[in-house]
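Below, each chain spelled out in residue letters.
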Amino acid sequence: DTAVSQTPKYLVTQMGNDKSIKCEQNLGHDTMYWYKQDSKKFLKIMFSYNNKELIINETVPNRFSPKSPDKAHLNLHINSLELGDSAVYFCATAAGSGNTIYFGEGSWLTVV
Amino acid sequence: AQSVTQLDSQVPVFEEAPVELRCNYSSSVSVYLFWYVQYPNQGLQLLLKYLSGSTLVKGINGFEAEFNKSQTSFHLRKPSVHISDTAEYFCAVSFHSSASKIIFGSGTRLSIRP
């Protein structure tokens, strides 16, 4: 039973399309994140939610909109996809400050 | 400014040789420190973490790291590496003043030669 699961794992789509990536966790953690990993493996935090409330919103284009319907889910919706959005997107969770972050397996997004 | 620096983007070593991966951080507040490993086409998993107490921390797969507050470093070491240790290694920092914010270094690619 996967602790942090993301769907889809692979996604190839055309420029201009709108797509969503879903994340679910069964760890009961309060905090959930979205990270973006580019082709050089650099990991950048995009958003952080705590108990369904947005805590961190880094400098991310407003084409990216996170949604947390409940504490166990944090979805990422991307409008008007651009070539530069191609990356691996990781969902992650943590129980609180100083606690281990648990990562999902990643969603490989390719925009063509 | 708060930041994490991994000076080495790639570290090639021979199998059974020792290795040290360097990590330095910058922060005006107390920190928690982590090392994560990422195997090809997978997510990140925790190797070890420092929260408080003993500055020498032991993790999985024979890795250890030492927190040095005066040098603001948290270098990762292993006395004898194996082919299976080939992966990307990330140092990460979270800050006591901002519980939800965790910053990752740029990663170090460890490649093991037979």
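Look a little higher up for the structure.
Just so we're clear, the structure is a prediction, and the values are computed from it rather than from any experiment.

Draft legend 1. Region of the structure containing the packing of aromatic side chains. This model, assessed by the stated rule, comprises 13 aromatic pairs over all chains. Seen in terms of ring centroids, Tyr33 of chain A and Tyr35 of chain A are 5.9 Å apart; in terms of plane orientation they differ by 40°. Their pairing is tilted. Assigned by exposure class, Tyr33 of chain A and Tyr35 of chain A land together as buried. These aromatic residues form a ring-pair network of at least three members: Tyr33, Tyr35, Phe90 and Phe103 of chain A together with Phe34, Tyr36 and Phe104 of chain B. The ring of Phe14 of chain B has Arg113 of chain B sitting right over it, with the charged end atom 5.8 Å from the ring centre.

Draft legend 2. The state of the cysteines, seen in detail. Counted by the stated rule, this structure contains two disulfides over all chains. Covalent S-S linkage joins Cys23 of chain A and Cys91 of chain A, the inter-sulfur distance amounting to 1.9 Å. Where Cys23 of chain A bonds to Cys91 of chain A through sulfur, the torsion about that S-S bond is close to -75°, and the disulfide is left-handed. Pair noted here: Cys23 of chain A is in strand β3 (residues 19-25) and Cys91 of chain A is in strand β9 (residues 87-94), with a separation of 68 residues, a long-range link. Of the two residues, Cys23 of chain A and Cys91 of chain A, both sit in the buried class. Disulfide pairing places Cys23 of chain B opposite Cys91 of chain B at an S-S distance of 1.9 Å.

Draft legend 3. Main features of the layout of surface pockets. Roughly 220 Å³ of internal volume is contained in the largest pocket. Lining the largest pocket are 15 residues; nearest its centre among them are Phe42, Leu43, Lys44 and Ile45 of chain A together with Ile103 of chain B. For the lining of the largest pocket, the secondary structure elements donating two or more residues are β5 (43-50) of chain A together with β1 (3-5) and β11 (98-104) of chain B. Per-element accounting of the lining of the largest pocket gives the leading share, four residues, to β11 of chain B. Approximately 180 Å³ is the volume attributed to the second largest pocket. Surrounding the second largest pocket, 14 residues form its lining, Tyr102, Phe103 and Glu105 of chain A together with Leu44 and Gln45 of chain B being those nearest its centre. Top element by residues in the lining of the second largest pocket is strand β6 (residues 44-50) of chain B. It accounts for three residues. In the lining of the second largest pocket, the residues fall into seven nonpolar, six polar and one charged.

Draft legend 4. Representation of the nonpolar core. Ranked by size, the top nonpolar core spans 30 residues in total, and within it Trp35, Leu48, Leu76 and Tyr89 of chain B carry the most contacts. Mapped by element, the contributors of at least two residues to this core are β2 (10-14), β3 (19-21), β5 (31-38), β6, β8 (64-68), β9 (73-78), β10 (87-95) and β12 (108-113) of chain B. The greatest single-element share of this core, amounting to five residues, is contributed by β10 of chain B. Once residues lying within four places of it in the same chain are set aside, the contact partners of Leu76 of chain B are Val19, Glu20, Leu21, Trp35, Leu47, Leu48, Phe63, Glu64, Ala65 and Tyr89 of chain B. Judged by nonpolar contacts, the second largest core, of 20 residues, contains Phe64, Leu81, Leu109 and Val111 of chain A.

Draft legend 5. Broad picture of the environment of Leu43 of chain A. Within the fold, Leu43 of chain A resides in strand β5. As for Leu43 of chain A and Tyr89 of chain A, which are separated by 46 residues in sequence, their C-alpha atoms are 9.2 Å apart.

Draft legend 6. Representation of the pattern of salt bridges in the model. Residue and element names in this part refer to chain B. Tallied over the full model, the rule gives nine salt bridges over all chains. One salt bridge connects Arg22 with Asp8, and the closest N-O pair in it is separated by 2.9 Å. Note that Arg22 is positioned in the loop between β3 and β4 (24-26) and Asp8 in the loop between β1 and β2, a separation of 14 residues in sequence. Judged by its relative accessible area of 31%, Arg22 falls in the partly exposed class. Overlapping salt bridges, with partners in common, bring together Glu20, Lys58, Glu64, Glu66 and Arg77 in one network.

What counts as what
Residues numbered from 1 in each chain as written. Chains lettered and ligands numbered in written order. Predicted model: local features only at pLDDT ≥ 70, side-chain atom pairs only at ≥ 80, totals over all residues. Heavy atoms only, no water. Phe/Tyr/Trp six-rings, centres within 6.5 Å; stacked < 30°, edge-to-face > 60°. Buried < 20%, exposed > 50% of the residue type's maximum accessible area, 1.4 Å probe, protein only. Lys NZ or Arg CZ within 6 Å of the ring centre and 35° of its normal. Disulfide = S-S within 2.5 Å. Helix = DSSP H or I, 4+ residues; strand = E, 2+ residues; numbered from the N terminus. 1 Å grid on protein atoms, 1.4 Å probe; cavity = no way out; pocket = protein on both sides within 12 Å on 5 of 7 lines; lining within 4 Å. Points joined across faces, edges and corners; volume = space filled by probe spheres on them. Nonpolar A, V, L, I, M, F, W, Y, C, P; charged D, E, K, R; others polar. Core = buried A, V, L, I, M, F, W, Y, C linked by side-chain atoms within 4.5 Å. Contact = heavy atoms within 4.5 Å. Salt bridge = Lys/Arg side-chain N within 4 Å of Asp/Glu carboxyl O.

By themselves, these observations are geometric and do not establish any function.
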